[in-house]
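# Coordinate analysis (summary)
Listed below, chain by chain, are the residues.
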Amino acid sequence: VNWAVRLRSVTSWGALAALIALAWATWLPTPWGNAPDWTGATDVAAPLTRKLLFYHPALAWATFAAYGVTFAYSLAYVNERRLRHDSAAHAAAEVGFLLNTLALATGTLWGVQEWQRAGQSALATVYTEPKVLVVVVMWLTFAAYLLLRRFVDEPDRRARLAASFGLLGFLGVPASFLTSRVLKKSLHPDVLGAGANPDAALGAYEGAILGLSFLAFTLTFSALFLHRLRLARIQDRIEQLESA
Amino acid sequence: MTDATTAFLAFAALFGGLAAYLARLAVAARRLEERLERLEGKA
């Protein structure tokens, strides 16, 4: 099991280093350039909150990756009916739910500052945005996934139910990608593709920080998932010993 | 809410949330490891 320990250690230290480097580059000068600063830009309503550009999209990506892992393990459970797959799906869903919550919180605060629709309060503007609504439904589905696991005692029934929620919840990922592309009046910009993307106006240094943010949150998800998976495996072993 | 307050809240929520989850994992790990050691000691 040495490789698992090594992988966990490398991803954990890597995530920590990347997050520190990201926080540094977001707010302070580095040998490669000054921290991005939108103060004075006439089209930016909240220059400090705009720095969430280096956190919120990467958090959303890490959420999608986590729910993708839940989807894959849920599918594996449906095919093979092995509880080992169910506990791995649970580990990824728990980490995904945390990242999803953080993405929603940062997105809400950013949207409240930067989005405006005539005759609507800021919060109503954010929570009537199609992409946000899709993500809220996905968040609720995974909240139900985690809650139902507490209330169903029988392991196979719990795993079956959880797998159906895991598969269903993942549909939110392609749905959230599609909403802003299909509905042209969407306020939420696309991260990938040419459609109304403010990132396209970023300079090379800001682009590099954005890249670093995706690396940092991919490593953060990987490290948290590997730690949570280890706990799931210990729990599996305990249940094995107790039932023997 | 001002821009500075919003940015502060967002970053506090982000890093606070990650730190709280890490602390929760550490506590759960200690509890599970102790339980496993006890069970393996018995077996």
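Source: prediction; values computed, not measured. (Residues numbered from 1 in each chain as written. Chains lettered and ligands numbered in written order. Predicted model: local features only at pLDDT ≥ 70, side-chain atom pairs only at ≥ 80, totals over all residues. Heavy atoms only, no water.)

## Quick notes on the pattern of salt bridges
Once their charged atoms are close, side chains differing in charge can pair, the charge on each being opposite to the other. To keep it simple, the criterion reads: Whenever a carboxyl oxygen of Asp or Glu lies within 4 Å of a side-chain nitrogen of Lys or Arg, that contact is scored as a salt bridge. In DSSP terms, a helix is any run of H or I states spanning at least four residues, a strand is any run of E spanning at least two, and both are numbered starting from the N terminus.
Under the counting rule described, the total for this entry stands at 10 salt bridges over all chains. The salt bridge involving E114 of chain A is made with R50 of chain A; its shortest N-O contact spans 3.0 Å. Placement of the pair is E114 of chain A in helix 3 (residues 83-114) and R50 of chain A in the loop between helix 1 (2-27) and helix 2 (56-80), with a sequence separation of 64 residues. Linked by salt bridges that have partners in common, E94 and R228 of chain A together with R24 of chain B make up one network.

## Some words on the environment of V5 of chain A
Turning to its location among the elements, V5 of chain A is positioned in helix 1. Separated by 222 residues in the primary sequence, V5 of chain A and H227 of chain A place their C-alpha atoms 9.7 Å from one another.

## Concerning the packing of aromatic side chains
Under the convention used in this document: Aromatic rings from Phe, Tyr and Trp, with only the six-membered ring used for Trp, were paired whenever their centres fell within 6.5 Å, and each pair was classed as stacked if the ring planes differed by under 30 degrees, edge-to-face if by over 60, and tilted otherwise. Two conditions define a charge sitting above a ring: the NZ of Lys or the CZ of Arg must be within 6 Å of the ring centre, and it must be within 35 degrees of the ring normal.
Following the criterion strictly, the structure yields 11 aromatic pairs over all chains and no others. Ring geometry for Y55 of chain A versus F11 of chain B: centroids 4.9 Å apart, planes at 90°, classification edge-to-face. Placement of Y55 of chain A in the loop between helix 1 and helix 2 and of F11 of chain B in helix 1 (residues 3-42) is noted, with the two residues assigned to different chains. Ring-pair connections join several aromatic residues into one group, and the members of that group are W27, Y55 and F217 of chain A together with F11 and F15 of chain B. Note that K51 of chain A overlies the ring of W27 of chain A, its terminal NZ or CZ placed 4.7 Å from the centroid.

## A closer look at the packing of helix 8 (residues 204-243) of chain A against helix 1 of chain B
Test applied: All axes are obtained by fitting lines to C-alpha atoms, using only the stretch in contact for helices, and the reported angles, taken between N-to-C directions, cover 0 to 180 degrees. Each angle receives one of four descriptions, namely roughly parallel if under 35 degrees, roughly antiparallel if over 145, roughly perpendicular if within 65 to 115, and oblique otherwise. Note: crossing handedness is left-handed where the near helix turns anticlockwise from the far helix by less than a right angle, and right-handed where it turns clockwise.
Orientation of helix 8 of chain A relative to helix 1 of chain B, taken along the N-to-C sense of each, is 25°, at an axis distance of 10 Å. Accordingly, the angle class assigned to the pair helix 8 of chain A and helix 1 of chain B is roughly parallel. Pair helix 8 of chain A / helix 1 of chain B crosses with left-handed handedness.

## A closer look at the confidence of the model for chain B
Note the threshold: Per-residue confidence from the prediction method is given by pLDDT, with values spanning 0 to 100.
Scored by pLDDT, chain B comes out at a mean of 94, with 98% of its residues at no less than 70. Quick note on the complex model: pTM equals 0.94, ipTM equals 0.94.

## Let's talk about the side chain of T125 of chain A
Residues and elements named next belong to chain A. Using the following cut-off: The term polar contact refers here to a pair of N or O atoms within 3.5 Å; inside protein, the definition further demands a hydrogen-donor-capable atom paired with an acceptor-capable atom, and it admits residues adjacent in sequence only when both atoms are side-chain atoms. We call two residues in contact when some of their heavy atoms are within 4.5 Å.
Inspection of the secondary structure assignment puts T125 in helix 4 (residues 122-127). Polar side-chain contacts of T125 include one of 2.9 Å to the backbone oxygen of S121. Not counting residues within four places of it along the chain, the set of residues in contact with T125 comprises W115, Q116, R117, Q120 and L187.

## Brief notes about a nonpolar patch on the surface
Applied cut-off: Think of a patch as exposed residues, more than 30% relative accessible area, with no salt bridge, where like charges cluster within 9 Å and nonpolar side chains (Val, Leu, Ile, Met, Phe, Trp, Tyr) cluster within 5 Å. The accessible surface values rely on the Shrake-Rupley method and a 1.4 Å probe; as for residues, cover is taken only from the protein chains in view.
Together, W13, L16 and I20 of chain A give the surface a local cluster of nonpolar side chains, amounting to about 360 Å² of exposed area. Examined against the element boundaries, L16 of chain A turns out to sit in helix 1.

## Remarks on the environment of A19 of chain B
All names here are of chain B. Where we set the bar: Note on classification: 1.4 Å probe, protein chains only; a residue is buried when its accessible area is under 20% of the maximum for its type, exposed when over 50%, partly exposed between these limits.
Following the sequence through the fold, A19 ends up in helix 1. Residue A19 is classed as partly exposed on the basis of its relative accessible area, which comes to 46%. The spatial distance from the C-alpha of A19 to the C-alpha of E34 is 23 Å, given a sequence separation of 15 residues.

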